[in-house]
Structures are given as C-alpha cells and as structure tokens.
Amino acid sequence: MEILYFAALRERVGHPRETVTSDARTPRDLVAELAARSDGHAAAFADMAALRCAVDQQLTDLDAPLGQPREVAFFPPMTGG
Amino acid sequence: MSARVQTAPFDLAAELAGFGAGAGAVVTFTGLVRDDTGRMAALEIEHYPGMTERALAEYGQAAAARFALIDWRIVHRHGRIGTGQPIMMVATAARHRRAAFEGADYLMDWLKSRAPFWKREIAHDGAARWVAAKTGDEDALARW
C-alpha cells in the first residue's frame, strides 16, 4: 500500500510517500510498524493524540479496521479555513 | 453547488454571478491571511490532492441536505498567500437568511477541522512555523 505524509509529518519522515507491505489490522498497528523504520518516522508518530489518518482518502479512526487499502495518509490535525 | 481547490486568487463577484438563483438569501464568508505577530509575510497552505476536493464536496452536500440550501460554493486556495490576501470563501443560498447563515457557519466549522489543509506561517526573515490546530475549532464541530 501507499503511505502518504503531509505537513509536519512529511518533514519529520523526510519524504512525502512510500510503498510498504503490511498485514496491520488497524491504522494504529500500521503506525507501530512505520514508527520503527527510522528516527524520523519515530519522531513523526511521537504524539498519537495529534495524529490524523485517512484510509483511501476518507478520514478514519486509528482503531478502525484497516482492510486492504490502496492508500493510507497520516497528518497532523487540519488547519483549513 | 461546487467545491474547488486552486492556487490562483478568486473573484468574489465572479463567484456570485448567477449563484443561488431562486433563493431569498445569500451568505458569503471570506477568510483572509491575518498577521498576528507583525512579522508574517505569508501563509503556505498544503493540502491533500484528491482527498481535499472529495471532502469539500461531501461537506457541501451535507450542509445542503441539513439546511435545505438551494446552492453552495466552496473555494479554498493553497500554496503561498501573502498577508491580507483572501485564502478561501464559502457561499450559501437558501430561501431564508437563517438557513443561509447556519449553512455557512456549519461549512466553516467542518472546513476548519476536517478538510485536509495545513497552514505554515512564513516570517519576513524566512522562518517558517506550522500553525497548530485550535481546540476551540474541534469544540465548534460538536455544536452540530
């Protein structure tokens, strides 16, 4: 699946997207796998309370079933408007 | 009934031409880049291409259903936008003013906390800082 990062998370991870293979059952499980990839990843996911997630471009709870998405995006709380 | 994301400035008068035919009330809101520190040159706005347009359309359709809007429009810019410049607009049209006001207010609350945009303040000296989400914005959603 494609993992996308936006805003401060993108800066901490160091790149905007990566392709990973995962059997994670929820976004939270996926985060645990991703956080182990580098110090930058770990820093990006340090504050779970300030983490938002979209699965196939729909906002999703971190504990919702993940299924087999094409695209999972992680980002900080939105600041539009 | 439309939602757009673009880098270019928008022309409010042009957006409202023909908007809300048959309505009794049109409400518009325009957000401007505000400089709270006296040091800010611009905002840089990042978004999630693909998801943003879909999310804005969903919120527009939800507002239309809830407030019986005759028409709605959302335009949100991204990229670098100088202080004092317009960032975004919403317009709502309804038979009566209260529905138009409430529809616009509802859309703004959803945009603030659920549309995938992120703001970064760029100071005159080039220093950059991500804008943190306000807890009040999240609380505002609970009203609906």
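Model, not experiment: these values are computed from the prediction.

What counts, and where the lines are drawn
Residues numbered from 1 in each chain as written. Chains lettered and ligands numbered in written order. Predicted model: local features only at pLDDT ≥ 70, side-chain atom pairs only at ≥ 80, totals over all residues. Heavy atoms only, no water. Helix = DSSP H or I, 4+ residues; strand = E, 2+ residues; numbered from the N terminus. Rg over C-alpha atoms; globule rule 2.2 N^0.38 Å. Buried < 20%, exposed > 50% of the residue type's maximum accessible area, 1.4 Å probe, protein only. Contact = heavy atoms within 4.5 Å. Buried area = accessible area lost by both parts, 1.4 Å probe. Salt bridge = Lys/Arg side-chain N within 4 Å of Asp/Glu carboxyl O. Polar contact = N/O pair within 3.5 Å; in protein donor to acceptor, adjacent residues only side chain to side chain. Nonpolar A, V, L, I, M, F, W, Y, C, P; charged D, E, K, R; others polar. Phe/Tyr/Trp six-rings, centres within 6.5 Å; stacked < 30°, edge-to-face > 60°. Expected span 1.5 Å × (residues − 1). Core = buried A, V, L, I, M, F, W, Y, C linked by side-chain atoms within 4.5 Å. Pairing = 2+ DSSP bridges. Axes fitted to C-alpha atoms, helices over the stretch in contact; angles between N-to-C directions.

Chemist: Explain the overall build of chain A to me, using residue names and the numbers behind them.
Modeler: When you go through chain A residue by residue, the secondary structure sums to 3 helices and 5 strands. At 11 Å, chain A has a C-alpha radius of gyration in line with the 12 Å of a compact globule built from 81 residues. If you line up chain A on its principal axes, its C-alpha atoms span 30 × 25 × 20 Å. The buried share among the 81 residues of chain A stands at 51%. A sequence separation of at least 24 residues applies to 50% of the contacts in chain A between residues at least 6 apart.

Chemist: Give a detailed account of the interface of chain B and chain A, specifying residues and quantitative values.
Modeler: Listed as interface residues are 27 residues of chain B and, on the opposing side, 20 residues of chain A. Regarding the contact of chain B and chain A, the summed buried area is about 1900 Å², with carbon and sulfur atoms giving 54% of it. Taken together, the connections running from chain B to chain A amount to 2 salt bridges. Ionic pairing is found between Arg 10 of chain A and Glu 46 of chain B, a salt bridge with its closest N-O pair at 2.4 Å. Applying the counting criterion to the chain B and chain A interface returns 14 residue pairs in polar contact (both at pLDDT 80 or more). Elements represented by at least two residues in the side of chain B that touches chain A include exactly β3 (40-47), α2 (51-67), β6 (86-94), α3 (97-114) and β7 (117-123) of chain B. Per element, the largest residue contribution to the side of chain B that touches chain A is 5 residues, and it comes from α3 of chain B. Residues belonging to the side of chain B that touches chain A are distributed by class as follows: 16 nonpolar, 4 polar and 7 charged.

Chemist: Explain the packing of aromatic side chains to me, and be specific about the residues and the numbers.
Modeler: Overall, the coordinates contain 12 aromatic pairs over all chains when judged by the stated rule. Three or more aromatic residues joined by ring pairs make a cluster, and in this case those are Tyr 59, Phe 67, Tyr 106, Trp 110 and Trp 144 of chain B.

Chemist: With reference to specific residues and values, describe the side chain of His 41 of chain A.
Modeler: All names here are of chain A. Along the chain, His 41 falls in helix α3 (residues 39-44). The buried category is assigned to His 41, whose relative accessible area is 4%. Dropping the residues within four chain positions of it, His 41 is found in contact with Tyr 5, Val 13, His 15, Glu 18, Leu 34 and Ala 35.

Chemist: Help me get a handle on α3 of chain B, residues and values and all.
Modeler: Side chains three or four residues apart in an α-helix point the same way, a direct result of the helix having 3.6 residues per turn. Residue and element names in this part refer to chain B. Compared with the 26 Å implied by 1.5 Å per residue over 18 residues, the 25 Å span of α3 between its first and last C-alpha is a close match. By the burial criterion, the buried members of α3 are Ala 100, Gly 103, Ala 104, Tyr 106, Leu 107, Met 108, Asp 109, Leu 111 and Ser 113. Each element contacted by the buried residues of α3 is listed here: β2 (25-32), α2, β4 (71-77), β6 and α4 (135-141).

Chemist: Pulling in residues and values, what's your account of the nonpolar core?
Modeler: Proteins that are soluble and globular tend to have nonpolar side chains buried together. All names here are of chain B. Ranked by size, the top nonpolar core spans 30 residues in total, and within it Leu 43, Leu 56, Leu 69, Ile 74, Ile 87, Val 90 and Leu 111 carry the most contacts. At the level of secondary structure, the elements contributing two or more residues to this core comprise β2, β3, α2, β4, β6 and α3. When sequence neighbours within four positions are dropped, the list of residues in contact with Ile 74 reads Ser 2, Ala 3, Arg 4, Leu 56, Gly 60, Met 89, Val 90, Leu 107 and Leu 111.

Chemist: Outline the sheet that holds β4 of chain B, supporting the account with residue identities and numerical values.
Modeler: Residues and elements named next belong to chain B. Taken together, 4 strands build an open sheet; the order of strands is β1-β4-β6-β2 and the sheet is mixed. A strand with exactly one partner marks an edge of an open sheet, and here the two such strands are β1 (2-6) and β2. Adjacent strand axes in the sheet meet at a mean angle of 10° when their direction is disregarded. Strands β1 and β4 of the sheet are contacted by α2, whose axis makes an angle of about 150° with β4. Docked against the sheet, α3 engages β2, β4 and β6, running at close to 145° with respect to β6.

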